[in-house]
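Observations on the three-dimensional arrangement
Residues per chain, in single letters:
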Amino acid sequence: MSLISDVYDVIIIGGGIAGFSAAMYGGRLKLNTLVITSVRGGVIIQTNDIANWPGIEKTDGMSLAGNIEKHATSYQNVNVLDDTVTKVKKAANGFSVSTEGDKTISSRSIIIATGTEWRKLGVPGEEQFSGKGVHYCALCDGYAYKDKIIAVIGGADSAAKEAILLTRWAKKVYMIYRKETIRPEPITLANVEEKIREGKMEIINNANVLEIKGDQRLTHIILDRKYNGGDEFKLDGLFVEIGHNPQSGLAKQIGVELSKKGEINVNRNAETNLDGVYAAGDVTDGRFKQAIIASAEGVQAIYSAYEYLKSKK
Ligand code: NDP
């Protein structure tokens, strides 16, 4: 990448929907904009079925994210650096951002759009069999389970959608949920019910995984209640879909205020408690984690950055 500026107007950390939506407006607002991201597209590229982006009845995450990125980078004042930010510091006239790839880049403002990471079950065997029967992304790894028996842990929208997707390959998909009734969005629930009627899915409620066991790879799990009379539940694969944790470590580093859940506290204008630092997308304390909301928050963040920079001139 050739840098277009010694000091960027704005560095956007994270290249998901929020980050690239901000960058697209950065292009239009004529801000020298740099997106630094380890994964272009972010978490949505693992979703194959998107039917809630206004104006597009059906698409997939890779296409949606790819199009937003393409739109953003069609502006010459928008750069992308494929790297991981390791440190953000306050500097004389703004901020200094260091990366794993040994770059140190200056900017006058920062937008944090670092998203979330998968929550782990934290039970014995999870780490040992990760990638060997234990997975976190159905679209990435589900194809390997043709005609196999698999289970999805979790009971909200992601778990239900992943379970439905997995029925494309698997002989049977169990949803193991810790409470009485799963709680996906109504339209997703209707799809689950259809799969249950077809005999492709089954829900095991009021159950928690205590341990994941196997030899070379996962062979069975132990639940905290007997299922079909047995202590051991034989499986070929297990997909953990129990939500996400905010990736707010960098924000914390520079003194950005976090919520109890570790999300970045922002106001309606995507401003944090620090001048010149904005946040957008799933890493913020917004209640509804939706792509369209992340996109809009990205736009709010860059407008706020724009006004801040104007006020400094
Ligand atoms: P959620 O945090 O909403 O749900 C996590 C699920 O896992 C819940 O059912 C929860 O149980 C369960 N769970 C959490 N921890 C454990 C644990 N330790 N052991 C067992 N089960 C556990 O995550 P989602 O990823 O589903 O959704 C996150 C956000 O993303 C939501 O706002 C959702 O609306 C949004 N989303 C949007 C989509 C879209 O754009 N269409 C698609 C998917 C998600 P419990 O029910 O008891 O809390």
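Check the entry above for the structure.
Bear in mind the structure is a predicted one, so any value in this text is a computation, not a measurement. (Residues numbered from 1 in each chain as written. Predicted model: local features only at pLDDT ≥ 70, side-chain atom pairs only at ≥ 80, totals over all residues. Heavy atoms only, no water.)

1. Some points on the side chain of Ser304
Take Ser304: it is sitting in helix 7 (residues 291-312). Take Ser304: its relative accessible area is 10%, and that puts it in the buried class. In this view, Ser304 contacts Asn269, Glu271 and Tyr278; residues no more than four positions away in its chain are not counted. (Helix = DSSP H or I, 4+ residues; strand = E, 2+ residues; numbered from the N terminus. Buried < 20%, exposed > 50% of the residue type's maximum accessible area, 1.4 Å probe, protein only. Contact = heavy atoms within 4.5 Å.)

2. Focus: the packing of helix 1 (residues 17-28) against helix 2 (residues 61-73)
Where helix 1 meets helix 2, the closest approach of the two axes is 8 Å, and the angle between their N-to-C directions is 25 degrees. Looking at the two axes, helix 1 sits roughly parallel to helix 2. As helix 1 packs across helix 2, the resulting crossing turns out to be left-handed. Mapping the contact onto sequence places Ile17, Phe20, Ser21, Ala23 and Met24 in helix 1 and Leu64, Ala65, Ile68, Glu69, His71, Ala72 and Thr73 in helix 2. Considering only residue class, the contact of helix 1 with helix 2 consists of eight nonpolar, three polar and one charged. (Axes fitted to C-alpha atoms, helices over the stretch in contact; angles between N-to-C directions. Parallel < 35°, antiparallel > 145°, perpendicular 65-115°, else oblique. Left-handed = near helix turned anticlockwise from the far one by under 90°. Nonpolar A, V, L, I, M, F, W, Y, C, P; charged D, E, K, R; others polar.)

3. Here's the deal with the site of the ligand
The environment of the ligand is formed by 19 residues, the closest being Ser158, Lys161, Tyr177, Lys179 and Arg183. In the model, a nitrogen atom of the ligand is placed 2.9 Å from a nitrogen or oxygen of the Lys161 side chain. Take the shell around the ligand: its biggest share by element is three residues, from helix 4 (residues 157-166). Of the residues that constitute the shell around the ligand, the class distribution is four nonpolar, seven polar and eight charged. When residues of the shell around the ligand are assigned to domains, at least three fall in each of domain 1 (7-118 + 244-312) and domain 2 (134-240). (Near = heavy atom within 4 Å. Polar contact = N/O pair within 3.5 Å; in protein donor to acceptor, adjacent residues only side chain to side chain. Domains from an automatic or database assignment.)

4. Observations concerning the sheet that holds strand 12 (residues 209-214)
Sheet architecture is open: three strands sit in the order 12-13-14, paired in antiparallel fashion. With one partner strand each, in any of the chains shown, strand 12 and strand 14 (230-234) form the two edges of the open sheet. Averaged over all adjacent pairs, the angle separating strand axes in this sheet is 30 degrees, with direction ignored. Where strand 13 (residues 218-227) meets strand 14, four bridges bridge the pair, whose relative direction is antiparallel. Note on strand 14: the bridge partner recorded for His220 is Lys234. (Pairing = 2+ DSSP bridges.)

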